[in-house]
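Observations on chain architecture
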Amino acid sequence: MSAVTDAARTAAPANPLGQSVRDSLVVAKRNLIRMSRIPEMVIFGLIQPIMFVVLFSYVFGGSMQIGGSTSPADYKNFLMAGIFAQTVTFATAGAGAGIADDMHKGLIDRFRSLPMARGAVLTGRTLADLVQTALTLMVLAVVALLVGWRVGSYGDTNAGKVLGAFGLLLLLGYAFTWIGALIGLTVRTPEAATSGGLIWLFPVTFISAAFVDSGNMTPWLRHIAEWNPFSATVQACRVLFANPGQSQSDAWPMQHPVWASLIYSVLIIIVFRTLAVRKYRSATA
Amino acid sequence: MPGAIYAEGLVKTFGDVRALDGVDLDVPEGTVLGLLGPNGAGKTTAVRCLTTLLRPDSGKAVVAGLDVLKQPNEVRRSIGLSGQFAAVDEYLTGRENLQMVGQLYQMKARAAKARAGELLDQFHLTDAADRPAKTYSGGMRRRLDLAAALVVSPPVMFMDEPTTGLDPRNRQQLWEVIKQLVSGGTTLLLTTQYLEEADHLAHDIAVVDQGHVIARGTSDQLKARTGGERVEVVVHEREHIASAREVLAGFGKGDTTVEDHMRKITVPVSGGAKLLAEVIRELDVRGIEIDDIGLRRPTLDDVFLSLTGHVAEIRDEENGASADTKQQKEASE
């Protein structure tokens, strides 16, 4: 079997972690090239949160009471943390649709027949989505500044805290793309992954402290909102941005939002990465 | 010593469907096995089990001397897979696709780039190399898909219906590529619904139906099993069918069959061209005008017919619905 031994030239890599990182980056690069060739997807991904910023600020802004203030400026400063957080979670649908599309087209079969790290296809996809989320957040922050959002409007902050808030947002977005990956592997068609990746996000992002003061909700809804992982990141952003409308609740995540946000996001990554990679290994298109 | 591809008693069930029901295969190194069968016969499931994509319920599989179930990652380094659907990223260029696959076979970036260039040349894709694959024609995509499977020149190749959906010209081209490949010593397992394709490319053929290998052998051996040659006559006038049948019955070695609507009479014979001349003379003596006459040797279509009681294509249409259900079942597993 001489031909067989010759072919062993792609010998086993000495370092599995190094291989995993390298393979993930190769797949991430592939997904970024794809995104750059479908600019309309990136643009639509931007238009929606921009519309939310503009609509919420101007339509709801006059009628909302935030921390006893009815000033539209206060509502805008309150709102942005919620919109930012909602925007990063919407990356879930993109990740799910992309992976479902790969399943559908047989690309997952090709990847699974290659001697590559098992989690790399999914890690590569989620990393590429993270890059896209970061770009979206940057554009969105500029739009928010244009409509009047200001950090430090309710106390003091500094550049480190503001960057920390964006870091937590990116981490939350990255965590949610792993949920999207699992959805994409489960539903198998891009259309189903898009809607399946979005619908549950509405209750998750609305039963939260994102757009209204959760203190005004009925008690059971308020408990859900206060312990909602999504609320923790929103609260953390408000604290770090020094924006108004921070929850005064005794619930632990509202009292320690930065820790809560970190813990929640890391937990989501661990749980959903494990489930998604397991699903990928047994995937049959 | 088992061959480069060896399977023993492979079983895979999806719910109630036994997609593979004890499949044995043995492909000696450097040869081509054609896995022939209609849709839903289990060909794709067999390939998926042998290429580590699917875990069989039971059975043994060895590829390139490696146990598929115990050493899947080692197997992946020694195989190339070209699927039923051209699995390339349509938004990446041909070059980018091949580089990516090379890197995922753990080649260094530079080596992957050089190899991509070689393959694009070899598969006549150089002009289109830097265009996104979605601009490629069906034939070009198949060539790119095949090139992707050959990045590391694997000793063992699997091709799942490589020419399904291609027009005859593109099919011919792809056949040439595959022939070149196997002349270099690659062991190949090829699935096809095209009897002509198996005849053309494969050293050995295994006929699969409902998860079983129902026959195996060389193309000639299989043809010999279905009996020998036969004479076919198409008469000009419908009223001559009966008398022509009488003539043929006199020369035949078995029962005559008549296809009324085509005015065609067929009879198994032995005696070859000499006998054909005698048949023509006799028909002429009787004043029977004919549109067509010929000595037909069995095709693989006939082989399939005699093995399964159905012609492959017709069977396909009849069982189209159930084959689809089965594929959906596979997909939902």
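Up top is the structure.
An account of the accompanying structure is given in this report. (Residues numbered from 1 in each chain as written. Chains lettered and ligands numbered in written order. Predicted model: local features only at pLDDT ≥ 70, side-chain atom pairs only at ≥ 80, totals over all residues.)

Of regular secondary structure, chain B possesses 13 helices and 14 strands. With respect to the principal axes defined by its C-alpha atoms, chain B has extents near 80 × 45 × 40 Å. (Helix = DSSP H or I, 4+ residues; strand = E, 2+ residues; numbered from the N terminus.)

Residues and elements named next belong to chain B. The 6 strands lie next to each other as β6-β7-β8-β3-β9-β10, forming an open sheet whose pairing is mixed. Lying at the two open borders of the sheet, with one neighbouring strand each, are β6 (79-82) and β10 (212-217). The average angle at which neighbouring strand axes cross in this sheet is 15°, direction not considered. Note: β6 against strand β7 (residues 156-160), 4 bridges, orientation parallel. If you follow G80 over to β7, its bridge partner there is M157. (Pairing = 2+ DSSP bridges. Axes fitted to C-alpha atoms, helices over the stretch in contact; angles between N-to-C directions.)

This part takes up the packing of helix α3 (residues 39-60) of chain A against helix α7 (residues 120-147) of chain A. All names here are of chain A. Remark: α3 packs on α7, axes separated minimally by 10 Å, with the N-to-C direction vectors making an angle of 30°. Taken together, the axis directions place α3 and α7 in an arrangement best described as roughly parallel. Between α3 and α7 lies a crossing whose hand is right-handed. Of the residues in α7, those in contact with V42, G45, L46, P49, I50, V53, V54 and S57 of α3 are Q132, T136, V139, L140, V143, A144 and V147. Its residues assigned to classes, the contact of α3 with α7 shows 11 nonpolar, 4 polar and no charged. (Parallel < 35°, antiparallel > 145°, perpendicular 65-115°, else oblique. Left-handed = near helix turned anticlockwise from the far one by under 90°. Contact = placed C-beta atoms within 7 Å. Nonpolar A, V, L, I, M, F, W, Y, C, P; charged D, E, K, R; others polar.)

Moving on, we get to unusual backbone geometry. Residue and element names in this part refer to chain B. Positive phi values are uncommon outside glycine, yet T52 reaches one of about 70°. Counting through the fold element by element, T52 comes out in the loop between α1 (43-50) and β4 (58-63). A positive phi angle, near 55°, is found at A64, a position not held by glycine.

A word on the nonpolar core. By size, the foremost hydrophobic cluster in this structure holds 157 residues, and its most contacted members are A:A85, A:C237, B:L50 and B:V63. Those residues in contact with B:V63 that lie beyond four places of it in its chain are B:I5, B:L50, B:V68, B:V75, B:S78, B:I79 and B:V156. Of all hydrophobic cores here, the second largest spans 11 residues; its members include B:A244, B:L248, B:V267 and B:V279. (Core = buried A, V, L, I, M, F, W, Y, C linked by C-beta atoms within 7 Å. Buried ≥ 20, exposed ≤ 12 C-beta atoms within 10 Å, placed from the backbone.)

This part takes up the sheet that holds strand β1 (residues 5-14) of chain B. Residue and element names in this part refer to chain B. Taking strand neighbours across the sheet as the criterion, the 4 strands line up as β2-β1-β4-β5 in an open arrangement whose pairing is antiparallel. One side of each edge strand has no neighbouring strand; the edge strands of this open sheet are β2 (17-27) and β5 (66-67). Pairing of β1 with β2 involves 8 bridges; the strand directions are antiparallel. The residue bridging A7 from the neighbouring strand is L25, located in β2. Strands β1, β2 and β4 of the sheet are contacted by α1, whose axis makes an angle of about 115° with β1.

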